[in-house]
Amino acid sequence: MSIDQRIRDGLRATDDRLPAPDVDHALAAVTTGVRPHRREAVTALVAAAAVVAVVVGVLALTRGGEDPVRPVGPPTPTDAVRDAAAPDPPLPARLTRRLRQIRDDGSRWPDGSGSPSPPLLRDPATGLKVQLYGLCDGGPCPLDADMSQLQGTPRALEVSDGSRSALFDVADAVRFVVDGMWWLGVNARAFDGDSVLVQDVTRVGGPIRFRLLQADGTAYTLRTVRDPAPARLAPGVVALERPAGRAGRQNLYLVDDRVATIRPVDVPDDRPRSWTAYDGLLLGVADACRLSWLTADGLHERRLDCGPGGRLAAAWTDLPDGWPRPGRMVVTEWVSHGSNLVNRWEFFVHASTDDGATWHRLPLGHDDGSLSTRIAEALRGLE
Amino acid sequence: MSEPGESSMMDVVPMSARRSTQSDGDFAELFAATYPQVVRTAWFVTHDRAAAEEVAQEAFTELFRGWSRLRDFDRPDLWVRRVAIRKAQREASRRTRRTALERAAATVPTVADGLDLPDPELIAAIRSLPPKQRAIVVLFYLEDRPMDEVADLVGCSTSTGFVHLHHARRRLAAVLGEEVGSDVD
């Protein structure tokens, strides 16, 4: 039996066994606001609020998951920002004491211990870590705290690099977003070897604040400029999750290290909404087998020759060592033939070795668990 | 395009003080048609009947509060499913942490939720997946939804959903001793 059939048959058989809920009782509970509370006692002393940090990065080239987004091209040295803008004034001693109290007495959000939810940020490449803390009624927030209860709770953000750590104030806005996503009001991304780029909202419905925070306690607030920057890859271009927006939707920004500003990059709305950083370019896919890539020359687009119903993924799995180089791009196509039986899907890899001038569509066959190997073999055949 | 400094956050959906009989009837109709399946989907993510019902009721409560506006959506049923699935993922994450603590206290968690499961190994294997992958597997295999819709419901891009499915499928095959690539009967 195939794994697809085992899953499908097992789920359907289980679904048939699940007892039907009492619809009338539930409707009455919903419309009258009288719902049962199931929260059983939790045996642990550890309290951690379950939260959804809208931290979805681009697809990781090597891990097939989500990854922090780093600037592409030469990283913007934070020193340049430091030269152009004065750091934020030191926090008052009273606020610093308060932040320590939040860290020491509060909860980690989200709790990384045994949780599938990632910590807010942990960047192995630089050793930078970001941890958000929250305080509820002077202590840890209850495990079953509703997000609405977390609105306005005091928070602290800790940035550490393995040898130093510093606490920063962070906005306490928690808002309900219409598509069902709660947002904690803060996103963090690795920016360079010294700094994390943090977005937060200082008041409900207010503007987004962008700051570069460092483990030595230095903070630089970036001035936002509405005038968009040209669609060109340049030092300081970053792909950031749109705060509180639909997951997987990213916007490109340019952090200008000469004037300490952040500007949107002028990419039209119908272009890809998630970007993968390659060596020297940003690559994104959109519907209808449309591919876009941003280089120092500008925004390039191409519609690849997919099969009927073919869809593109900007990254799939491990690329062979040494294969990624400037000018090379890889995307994977899958053709489902309208079926949700994955082992009937067909896979192809599209690759270019000449800056996207020509593309090769290489068949991979079905997913038998060795697609990574066949992708590597196909790519080596182009060399 | 959106600009920096422009928060895309939406206002909290206000509770309408009064609703028309017609409006209430529409809500009840949608509720009756959608609630059971939402509960089932939530169960496959949380593996707990009480939690699944509460998650579903919380989602429908939010829909009810915003019904005067949300009823005009093209698919309010998808809206409430999305809310419920994401709540179920959060609940499952919370339970994962709790389970780790319970394991430390040598308390063995149960999977069956008191049900006579036809394929308990499969359900246990699904429970070993991260909550988002559980939701993707259920929406994809059980509800037979296209990946675009699956990704939208769980809150990720289509490409990311696809990769999650790939990893979930491989893990389930390994745990269950099934072949990833054998043909379908």
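Presented here is a report on the structure given in the accompanying data block. (Residues numbered from 1 in each chain as written. Chains lettered and ligands numbered in written order. Predicted model: local features only at pLDDT ≥ 70, side-chain atom pairs only at ≥ 80, totals over all residues. Heavy atoms only, no water.)

1. A look at the sheet that holds strand β21 (residues 310–313) of chain A
Then comes step 1: Read from one edge of the open sheet, four strands run β21-β22-β23-β24 (chain A), paired in antiparallel fashion. In the strand order of this sheet, the two ends are held by β21 and β24 (360–365) of chain A, each with one partner. In this sheet, adjacent strand axes meet at a mean angle of 30 degrees when their direction is disregarded.
Then comes step 2: Where strand β23 (residues 346–352) of chain A lies against β24 of chain A, five bridges are found, and the strand directions are antiparallel. Looking at β24 of chain A, one finds that H350 of chain A is bridged to R361 of chain A.
Then comes step 3: The sheet contacts of helix α8 (residues 158–176) of chain B involve β21, β22 (329–335) and β23 of chain A, and relative to β21 of chain A the element is tilted by about 90 degrees. (Pairing = 2+ DSSP bridges. Helix = DSSP H or I, 4+ residues; strand = E, 2+ residues; numbered from the N terminus. Axes fitted to C-alpha atoms, helices over the stretch in contact; angles between N-to-C directions. Contact = heavy atoms within 4.5 Å.)

2. Some words on the pairing of strand β16 (residues 261–264) of chain A
Residue and element names in this part refer to chain A.
Then comes step 1: Taking every second residue as pointing to the same face, both faces of β16 are buried, with T261 and R263 on one and I262 and P264 on the other.
Then comes step 2: As paired strands, strand β13 (residues 219–224) and β16 are joined by two bridges and run parallel to one another. Note that in β16 the partner of T224 across the bridge is I262.
Then comes step 3: Two elements, strand β15 (residues 250–256) and β16, share four bridges in a ladder whose sense is antiparallel. Residue pairing for β16: V255 is matched across the bridge by I262. (Buried < 20%, exposed > 50% of the residue type's maximum accessible area, 1.4 Å probe, protein only.)

3. Concerning the nonpolar core
A general tendency of soluble globular proteins is for nonpolar side chains to be buried together.
Then comes step 1: Ranked by size, the top nonpolar core spans 79 residues in total, and within it F27, F31, F60, L63, V137 and L172 of chain B carry the most contacts.
Then comes step 2: Here this core gets ten residues from one element, more than from any other, and that element is helix α1 (residues 21–46) of chain B.
Then comes step 3: Sequence-distant contacts of L63 of chain B, that is, excluding residues within four places in its chain, are made with F27, L30, L70, P76, W79 and V80 of chain B.
Then comes step 4: Counting residues in hydrophobic clusters, the runner-up holds 18 residues, among them W109, L132, V159 and V186 of chain A. (Core = buried A, V, L, I, M, F, W, Y, C linked by side-chain atoms within 4.5 Å.)

4. Quick word on the pattern of salt bridges
Then comes step 1: In this structure the tally under the stated criterion is 21 salt bridges over all chains.
Then comes step 2: A salt bridge links E178 of chain B to R6 of chain A; the nearest nitrogen and oxygen atoms lie 2.9 Å apart. Residue E178 of chain B is located in the segment after α8, and its partner R6 of chain A is located in helix α1 (residues 3–17); the two belong to separate chains.
Then comes step 3: With relative accessibility at 13%, the residue R6 of chain A sits in the buried group.
Then comes step 4: As a salt-bridge pair, D161 of chain A and R164 of chain A come within 2.8 Å of each other at their nearest N and O atoms.
Then comes step 5: For R164 of chain A, a relative accessible area of 42% corresponds to the partly exposed category.
Then comes step 6: Taken together, the salt bridges that share partners define one network made up of D169, D200, R209 and R211 of chain A. (Salt bridge = Lys/Arg side-chain N within 4 Å of Asp/Glu carboxyl O.)

5. Overview of the packing of aromatic side chains
Then comes step 1: In this structure the tally under the stated criterion is 15 aromatic pairs over all chains.
Then comes step 2: Pairing F27 of chain B with W67 of chain B gives two aromatic rings, centres 5.3 Å apart and planes at 80 degrees, and the pair type is edge-to-face. Pair noted here: F27 of chain B is in helix α1 and W67 of chain B is in helix α3 (residues 67–70), with a separation of 40 residues, a long-range link.
Then comes step 3: Residue classification places W67 of chain B among the buried residues on the basis of a relative accessible area of 3%.
Then comes step 4: Feature note: the residues W334, W345 and F347 of chain A together with F140, Y141 and F162 of chain B constitute an aromatic cluster, connected by ring pairs.
Then comes step 5: Stacked on the ring of F348 of chain A, the Lys or Arg R361 of chain A has its end atom at 3.7 Å from the ring centre. (Phe/Tyr/Trp six-rings, centres within 6.5 Å; stacked < 30°, edge-to-face > 60°. Lys NZ or Arg CZ within 6 Å of the ring centre and 35° of its normal.)

6. Considering the packing of α1 of chain A against helix α6 (residues 131–142) of chain B
Then comes step 1: Orientation of α1 of chain A relative to α6 of chain B, taken along the N-to-C sense of each, is 90 degrees, at an axis distance of 9 Å. Viewed along their axes, α1 of chain A and α6 of chain B adopt a mutual orientation that is roughly perpendicular. Along its contact with α1 of chain A, which presents D4, I7, R8, L11, R12 and D15 of chain A, the element α6 of chain B presents V137, V138, F140, Y141 and L142 of chain B.
Then comes step 2: Classifying every residue of the contact of α1 of chain A with α6 of chain B by side-chain character gives seven nonpolar, no polar and four charged. (Parallel < 35°, antiparallel > 145°, perpendicular 65-115°, else oblique. Nonpolar A, V, L, I, M, F, W, Y, C, P; charged D, E, K, R; others polar.)

7. Some words on the state of the cysteines
Residue and element names in this part refer to chain A.
Then comes step 1: Tallying each qualifying case throughout the model produces one disulfide over all chains.
Then comes step 2: Here C289 connects covalently by a disulfide to C306, the sulfurs 1.9 Å from one another. Measuring the twist about the S-S bond at about -110 degrees, one finds the C289-C306 disulfide to be left-handed. In this pair, C289 sits in the loop between β18 (281–286) and β19 (290–295) while C306 sits in the loop between β20 (298–303) and β21, placing the two residues 17 residues apart along the sequence.
Then comes step 3: Of the residues examined, C306 reaches a relative accessible area of 17% and is grouped as buried. (Disulfide = S-S within 2.5 Å.)

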